Amino acid sequence: ENIILTSKYGEQFTVNIFHLVLKFSRYSYIELTLSKEKPVVFKCLINAFKFYGGIPKRILFDNMSTVVDTSVRPKRINNKMVQFAKDMNFRVDTCKSRHAFTKGTNEARNKILDWIRAYNNEFETVNDLQDIVEKLNVKMNINNCEGTDLPPSLLFIKEKEYLTPLPDSTVIDQYIAPSKVCISDQQLLLYKGVRYSVDKQYIGEYVYVEEFNDKLQIYYKGKLIQIHDISKNPINYTSKHYEQTIKNAIKQEELETVVTTNLKIMDTLLES
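Residues numbered from 1 in each chain as written. Predicted model: local features only at pLDDT ≥ 70, side-chain atom pairs only at ≥ 80, totals over all residues. Heavy atoms only, no water.

### Describing the sheet that holds strand β1 (residues 3–6)
The three strands are arranged β1-β2-β3 in an open sheet whose pairing can be described as antiparallel. What marks the edges here is a single partner per strand, and that holds for β1 and β3 (28–33). Sheet twist, expressed as the mean angle between neighbouring strand axes with direction ignored, is 35°. When β1 meets strand β2 (residues 12–21), the two strands line up antiparallel, connected through four bridges. Bridging across to β2, Ile3 finds its partner in Val15. Relative to β3, helix α1 (residues 38–52) is tilted by about 145°, and along the sheet it contacts β2 and β3. Along the sheet, helix α5 (residues 126–142) makes contact with β1, β2 and β3, crossing β3 at roughly 170°. (Pairing = 2+ DSSP bridges. Helix = DSSP H or I, 4+ residues; strand = E, 2+ residues; numbered from the N terminus. Axes fitted to C-alpha atoms, helices over the stretch in contact; angles between N-to-C directions. Contact = heavy atoms within 4.5 Å.)

### Topic: a nonpolar patch on the surface
Taken together, the side chains of Leu150, Leu154 and Ile157 present a nonpolar region at the surface, about 280 Å² in accessible area. Along the chain, the position of Leu154 falls in helix α6 (residues 152–159). (Patch = residues over 30% accessible without salt bridge, like charges linked within 9 Å, V, L, I, M, F, W, Y side chains within 5 Å. Areas by Shrake-Rupley, 256 points an atom, 1.4 Å probe, with all protein chains shown as cover. Salt bridge = Lys/Arg side-chain N within 4 Å of Asp/Glu carboxyl O.)

### Side note on the environment of Phe49
Looking at the element boundaries, Phe49 is found in helix α1. Each C-alpha atom, one on Phe49 and one on Leu166, is 7.3 Å from the other, the two residues being 117 residues apart in sequence. Ignoring sequence-local partners within four residues, the contact set of Phe49 consists of Leu20, Gly54, Ile55, Pro56, Ile59, Phe84, Met88, Phe90 and Leu166.

### A closer look at the pattern of salt bridges
Pairing between side chains of opposite charge can happen when their charged atoms approach one another. Scanning the model with the defined rule gives ten salt bridges in all. The partner of Glu134 in a salt bridge is Lys223, with the nearest N and O atoms 3.2 Å apart. Taken together, the positions of Glu134 in helix α5 and Lys223 in strand β13 (residues 223–229) put the pair 89 residues apart, joining distant regions of the chain. Lys215 is paired through a salt bridge with Asp229; the nearest N and O atoms lie 2.3 Å apart.

### Topic: unusual backbone geometry
Phi angles above zero are rare outside glycine, and Asp149 is one such case at about 60°. When you line up the elements, Asp149 lands in the loop between α5 and α6. Residue class for Asp149 comes out exposed when judged on its relative accessible area of 57%. A positive phi angle, near 55°, is found at Lys192, a position not held by glycine. On the secondary structure map, Lys192 appears in the loop between β9 (188–191) and β10 (194–197). Judged by its relative accessible area of 65%, Lys192 falls in the exposed class. (Buried < 20%, exposed > 50% of the residue type's maximum accessible area, 1.4 Å probe, protein only.)

Structural data, given as structure tokens:
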């Protein structure tokens, strides 16, 4: 789903929800993404396998373009997904068109989309949205499921026995090995000669960065934590991150004014 959400500051984000659910237990893994391209789908699947601690023997996919080649008749699984499934040791199947029962388990659990829309205008950053999604994921797995009348986390204890182990890390790394950089004391990472800000909690940590559609996507431990427009400016702070860097040096009542003024000055200097 391309869900359009607006932050407290009026910034719009178009987000998607990756959702993998196990058939027997209804144990779910959900993840926020900004695109539905193949590398993102592969990364989400790997994150799900790590979350479950194993890989299902068969995965039933909706007829998504990243999985199914619709340019030929009959439709077929595209070559990259065939290779990915081979490397991860699972079988790919697709839902039958206009047969809701083939994917009913997943669709019945997709109330997550409505839950996320309820946070429109109530979040500040992509990191906030990611935290919201993680909390909703916990809620889905510990509350009783309508289909089984039991918590998925309880039934998952038995279902986990049937998952196969993850492949060697060298196999996994070829699908999730973007650029790796360390966050400086100024909350900045360096990418192609340009510095971009992240939340202060990631100072000293290593993050991964990828480019998609003129956006720089920043990941920590596989989770999206920040996005920036690709920029030619040497330094790119968000107002929240810049506020964090100077908070201890400025009086609280002056903080907002100083942040706004300094960022405007910085933009003027960078433009000139």
